[in-house]
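Below, each chain spelled out in residue letters.
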Amino acid sequence: MANFVKIAGYPVLLRVAVFLVSLSLFWLPLAAPIYLLVKDSNLVTILTMGLLFVEFIFLVRWWGFSVYQQSDLLKSYGLIGTRQNGLDIVFGLMIGGLVTFSLFGLEGLFGWLSWQGNDALPRLILEGMATALGVGFAEELVFRGWLLNELERDYNLRVALWVNGMVFALSHFLKPLSEMLRTWPQFPGLLLLGLILVWGKRSRGGGLGLPIGFHAGLIWSYYIINVGNLVSYSGVVPDWITGVNRNPLAGAIGLIFLGGLALGMRKFFGVEKLGMK
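Owing to the predicted nature of the structure, the values given are computational and were not obtained by experimental measurement.

**Regarding the packing of helix 5 (residues 83–109) against helix 12 (residues 252–269)**
Then step 1. The contact between helix 5 and helix 12 brings their axes to 11 Å, and the two run at 135°. Judged on the interaxial angle alone, helix 12 and helix 5 are oblique. Read as a crossing pair, helix 5 and helix 12 show a hand that is right-handed. On the side of helix 5, the interface is formed by Val99, Ser102, Leu103, Leu106 and Glu107, while helix 12 contributes Ile253, Gly254 and Phe257.
Then step 2. Looking at the contact of helix 5 with helix 12, its residues break down into five nonpolar, two polar and one charged.

**Thoughts on the packing of aromatic side chains**
The description of an aromatic ring pair uses the distance of the two centres, along with the angle that the planes make with each other.
Then step 1. Applying the stated criterion to the full structure yields 12 aromatic pairs.
Then step 2. Here Phe53 and Phe137 contribute two aromatic rings whose centre-to-centre distance is 5.8 Å and whose plane-to-plane angle is 75°, an arrangement assigned as edge-to-face. Separated by 84 residues along the polypeptide, Phe53 in helix 3 (residues 41–66) and Phe137 in helix 6 (residues 121–154) bring together distant segments of the chain.
Then step 3. Geometrically, the ring pair formed by Phe143 and Phe168 is edge-to-face, given 5.2 Å between the ring centres and 85° between the ring planes. Linking Phe143 in helix 6 with Phe168 in helix 7 (residues 157–171), this pair joins segments that are 25 residues apart in sequence.
Then step 4. Using a relative accessible area of 1% as the deciding quantity, one classes Phe168 as buried.
Then step 5. Over the ring of Tyr68 we find Arg153, and its NZ or CZ is 3.5 Å from the ring centre.

**Overview of the side chain of Ser221**
Then step 1. When you line up the elements, Ser221 lands in helix 10 (residues 209–227).
Then step 2. According to the relative accessible area criterion, Ser221 is buried, its value standing at 2%.
Then step 3. Separated by 2.7 Å, the side chain of Ser221 and the backbone oxygen of Gly217 make a polar contact.
Then step 4. Engagement of the side chain of Ser221 in a polar contact is seen with the backbone oxygen of Leu218, the distance being 3.2 Å.
Then step 5. Not counting chain neighbours up to four residues away, the residues in contact with Ser221 comprise Gly96, Gly97, Thr100 and Phe101.

**Re unusual backbone geometry**
Then step 1. The backbone phi angle of Asn229 is positive, close to 50°, even though this residue is not glycine.
Then step 2. The exposure class of Asn229 is partly exposed, given its relative accessible area of 41%.
Then step 3. Residues other than glycine seldom take positive phi values, yet Arg246 does so here, at roughly 65°.
Then step 4. Within the secondary structure, Arg246 sits in the loop between helix 11 (239–242) and helix 12.
Then step 5. Judged by relative accessible area, Arg246 falls into the partly exposed class, the value being 30%.

**Quick notes on the nonpolar core**
Then step 1. Counting 46 residues, the largest nonpolar core has Phe19, Phe56, Leu193, Ile196 and Trp199 as the members making the most contacts within it.
Then step 2. Looking at this core, the elements that each hand over two or more residues are helix 2 (12–37), helix 3, helix 4 (73–76), helix 6, helix 7, helix 9 (187–203), helix 10 and helix 12.
Then step 3. Per-element tally for this core: the top contributor is helix 9, with nine residues.
Then step 4. Sequence-distant contacts of Leu193, that is, excluding residues within four places in its chain, are made with Phe168, Phe214, Leu218, Leu249 and Leu258.
Then step 5. Core analysis: the second largest hydrophobic core is formed by nine residues, Phe104, Ile225, Val237 and Ile241 among them.

Cut-offs and rules
- Residues numbered from 1 in each chain as written.
- Predicted model: local features only at pLDDT ≥ 70, side-chain atom pairs only at ≥ 80, totals over all residues.
- Heavy atoms only, no water.
- Axes fitted to C-alpha atoms, helices over the stretch in contact; angles between N-to-C directions.
- Helix = DSSP H or I, 4+ residues; strand = E, 2+ residues; numbered from the N terminus.
- Parallel < 35°, antiparallel > 145°, perpendicular 65-115°, else oblique.
- Left-handed = near helix turned anticlockwise from the far one by under 90°.
- Contact = heavy atoms within 4.5 Å.
- Nonpolar A, V, L, I, M, F, W, Y, C, P; charged D, E, K, R; others polar.
- Phe/Tyr/Trp six-rings, centres within 6.5 Å; stacked < 30°, edge-to-face > 60°.
- Buried < 20%, exposed > 50% of the residue type's maximum accessible area, 1.4 Å probe, protein only.
- Lys NZ or Arg CZ within 6 Å of the ring centre and 35° of its normal.
- Polar contact = N/O pair within 3.5 Å; in protein donor to acceptor, adjacent residues only side chain to side chain.
- Core = buried A, V, L, I, M, F, W, Y, C linked by side-chain atoms within 4.5 Å.

And the structure:
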């Protein structure tokens with residue numbers, strides 16, 4: 001126990017490295033047979049990522065007890081089963097959906113895209129919700145839960161905010177170089193989204209409900225529109241305005257919407273509460 005407790009005194013980069021290496025050592029022996037034996041690439045992704053997240057949860061609980069001597073570190077991350085946290089998830093879903101559909105709706109009014117129907121819309125709505133809640137929950141627990149908690153142990157709120165946002169954005173570019181270069185316009189939007197999600201958590205006293213809901217709301221609404229092929233771009237304006245590769249986060253309009261949301265949060269909750277300075 002004493003040796004594990006010493007890890008708490010390591011610099012944050014070393015603590016994070018120890019955690020990730022430990023997670024990899026537990027995950028790889030179980031994930032390798034899946035990659036070798038399962039032929040369906042989608043099923044491989046589901047099984048290996050699901051396994052990784054389950055092991056992450058177990059390691060976090062051990063990490064809290066053995067390293068920080070906390071009985072339930074997940075609560076410190078903001079994963080608490082309160083009515084308010086549940087309401088924040090619903091509220092976040094609504095805001096995320098409103099932002100996305102308002103963005104596409106405005107582009108439609110400007111004549112930059114046209115809407116079209118899809119008979120499979122009810123199925124897409126249900127599929128999208130399941131996918132969005134799963135991804136939103138997992139990513140927020142990792143980035144605004146575990147990683148932010150580790151950063152705030154060593155850094156002030158402002159530094160932790162920016163480092164968290166940068167790591168969140170960069171994590172979406174763990175792909176081949178050609179794909180990184182093709183999708184690089186997404187980076188500013190992902191960085192701003194990362195900052196907003198930290199501010200969302202802090203605005204609710206540290207609960208993860210709002211960032212989980214908002215993150216899931218963005219994914220859900222975009223899934224419905226993108227997978228359902230509900231819009232067709234007219235091409236009257238360049239992609240850098242509407243979004244490179246049809247991703248609104250990689251366009252000027254998306255940045256304007258996220259920027260407006262960030263300014264609104266700053267005005268409503270205040271600079272100091274959000275850790276902006």
